[in-house]
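Listed below, chain by chain, are the residues.
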Amino acid sequence: MKYEVQENCLTIYLPGDLDHHNSEEIKREADRLIERGHVRYVIFDFSETEFCDSSGIGVIMGRYKKICMFGGEVWAAHANERIKKILKMSGATKIMQIYEED
Amino acid sequence: MREIINGMTNEMKLEFDSRSANEAFARVTVASFMTQLNPTLEEVSDVKTAVSEAVTNAIIHGYENHVNKIQIFAGIEGKTLRLEITDRGVGIPDVKQAMEPLFTTKPELERSGMGFSFMEAFMDEVIVESEPGKGTTVRMKKVIGKGRELWTTQSL
Ligand SMILES: Nc1ncnc2c1ncn2[C@@H]1O[C@H](COP(=O)(O)OP(=O)(O)OP(=O)(O)O)[C@@H](O)[C@H]1O
Ligand SMILES: [Mg+2]
């Protein structure tokens, strides 16, 4: 896992399994970086992620709630088809933009 | 001994501590057990998600993060994979309500109430038996290889 803050944008490089076990640390670390100030965009980078369940949805929704009142946005990048399906089914795509590369 | 109907029957049982590190262990073990049904990658992903949801629920809700035992039974009968995930935790007072999409009793832990919806979407059948103070068993079934059978019949 890796976190990168560039100006007002936090990128979280998610682990292979985005489950309950791994999500607790991500929540803590992401919130620490968000609360330090200036983070307006959170990008969830799914390049390495093969597995995501409702705990992963909780991580996304929770960060969205933190930044949306300041006009922030959450994005998903490099999500495979399975992850996109999970994001859609959960309704997360209603609040999150999916970055599609070509 | 169980009678063999429509080919193979096979069973396994697993018992482990309700620690979050065991979530991956549980779903990978069930995924590995089901490979004898020659599943597609998507079917494996469906079952892994369902197992992960039920096990996570046992840890967070059933045992409220106290360490106790979780049991998984997995059985194969013909093409059907049958799973039972059991905890002896707090139980669910109203199962029907618990299974409604977006219903959660732990919003403060950022749960979004999607677990049962995922189990129902990815498995063919989900039945929850629970008694307050006694615990919860989630029974699930999924027929493996539905799509492929169609393809085989057509190509013959
Ligand atoms: N094993 C269990 N023991 C006790 N209560 C449970 C159990 N499993 C589920 N529940 C109850 O059912 C509710 C709904 O479960 P579900 O998995 O759908 O959502 P959640 O766990 O609250 O959120 P999410 O799964 O999206 O993180 C839970 O909030 C909890 O109250
Ligand atoms: Mg759940």
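For the structure, see preceding data.
Source: prediction; values computed, not measured.

**Student:** Can you help me understand the site of ligand 1 in this one?
**Tutor:** Contacts to ligand 1 come from 21 residues, most closely from H61, T104, T105, R111 and M114 of chain B. At the site occupied by ligand 1, nearby residues are drawn from chains A and B. A distance of 2.9 Å separates an oxygen atom of ligand 1 from a polar backbone atom of G113 of chain B. In this structure, an oxygen atom belonging to ligand 1 sits 2.9 Å away from a main-chain N or O atom of F116 of chain B. Summarising the interface, the protein chains cover 96% of the accessible area of ligand 1, which totals 590 Å² for the free molecule. The set of elements that each furnish at least two residues to the shell around ligand 1 consists of helix 2 (41-62) and helix 4 (115-122) of chain B. Looking at the shell around ligand 1, the element that brings in the most residues is helix 2 of chain B, giving five residues. Looking at the shell around ligand 1 residue by residue, the classes come out as seven nonpolar, eleven polar and three charged.

**Student:** Mind showing me how you'd approach the packing of aromatic side chains here?
**Tutor:** By convention here, two paired aromatic rings are described through the distance between centres and the angle between planes. Residue and element names in this part refer to chain B. Taken as a whole, this structure holds two aromatic pairs over all chains when the rule is applied. Summarising the aromatic geometry, the rings of F16 and F25 are spaced 6.0 Å apart at their centres and angled 85 degrees between planes, so their arrangement reads as edge-to-face. Residue F25 is classed as partly exposed on the basis of its relative accessible area of 38%. Here the aromatic rings of F118 and F122 are separated by 5.9 Å at their centres, their planes lie at 25 degrees, and the arrangement is stacked.

**Student:** What should I look at first to understand the pairing of strand 3 (residues 80-87) of chain B in this one?
**Tutor:** A regular strand carries its side chains on alternate faces of the sheet. Residues and elements named next belong to chain B. Within strand 3, six of the eight residues are buried, which leaves the element mostly enclosed by the surrounding structure. Strand direction decides the pairing type here: strand 2 (residues 69-77) and strand 3, joined by eight bridges, are antiparallel. The residue bridging F73 from the neighbouring strand is E84, located in strand 3. In textbook terms, the turn of a hairpin is the stretch between consecutive antiparallel strands, and for strand 2 and strand 3 this stretch comprises two residues, one of which, G78, has a positive phi near 60 degrees. As paired elements, strand 3 and strand 5 (residues 135-143) share eight bridges and run antiparallel to each other. Note on strand 5: the bridge partner recorded for R82 is K141.

**Student:** Even after reading the chapter, I still don't get the sheet that holds strand 1 (residues 9-17) of chain B, so can you show me in this structure?
**Tutor:** Backbone hydrogen bonds are what pair the strands of a sheet, in a parallel or an antiparallel way. All names here are of chain B. Here five strands make up an open sheet; going across it, the order is 1-2-3-5-4 and the pairing antiparallel. Because the sheet does not close on itself, it has two edges, and the strands there are strand 1 and strand 4 (125-131). Direction aside, neighbouring strands of the sheet carry axes that sit 10 degrees apart on average. Bridge count for strand 1 against strand 2 is nine bridges, and the pairing is antiparallel. Counted as the bridge partner of E11 is G75 from strand 2. Running over the sheet, helix 1 (residues 22-34) touches strand 1, strand 2 and strand 3 and is turned about 170 degrees from strand 1. Each of strand 1, strand 2, strand 3 and strand 5 is contacted by helix 2, which is oriented at about 15 degrees to strand 3, the strand it contacts most.

Procedures and definitions
Residues numbered from 1 in each chain as written. Chains lettered and ligands numbered in written order. Predicted model: local features only at pLDDT ≥ 70, side-chain atom pairs only at ≥ 80, totals over all residues. Heavy atoms only, no water. Near = heavy atom within 4 Å. Polar contact = N/O pair within 3.5 Å; in protein donor to acceptor, adjacent residues only side chain to side chain. Areas by Shrake-Rupley, 256 points an atom, 1.4 Å probe, with all protein chains shown as cover. Helix = DSSP H or I, 4+ residues; strand = E, 2+ residues; numbered from the N terminus. Nonpolar A, V, L, I, M, F, W, Y, C, P; charged D, E, K, R; others polar. Phe/Tyr/Trp six-rings, centres within 6.5 Å; stacked < 30°, edge-to-face > 60°. Buried < 20%, exposed > 50% of the residue type's maximum accessible area, 1.4 Å probe, protein only. Pairing = 2+ DSSP bridges. Axes fitted to C-alpha atoms, helices over the stretch in contact; angles between N-to-C directions. Contact = heavy atoms within 4.5 Å.

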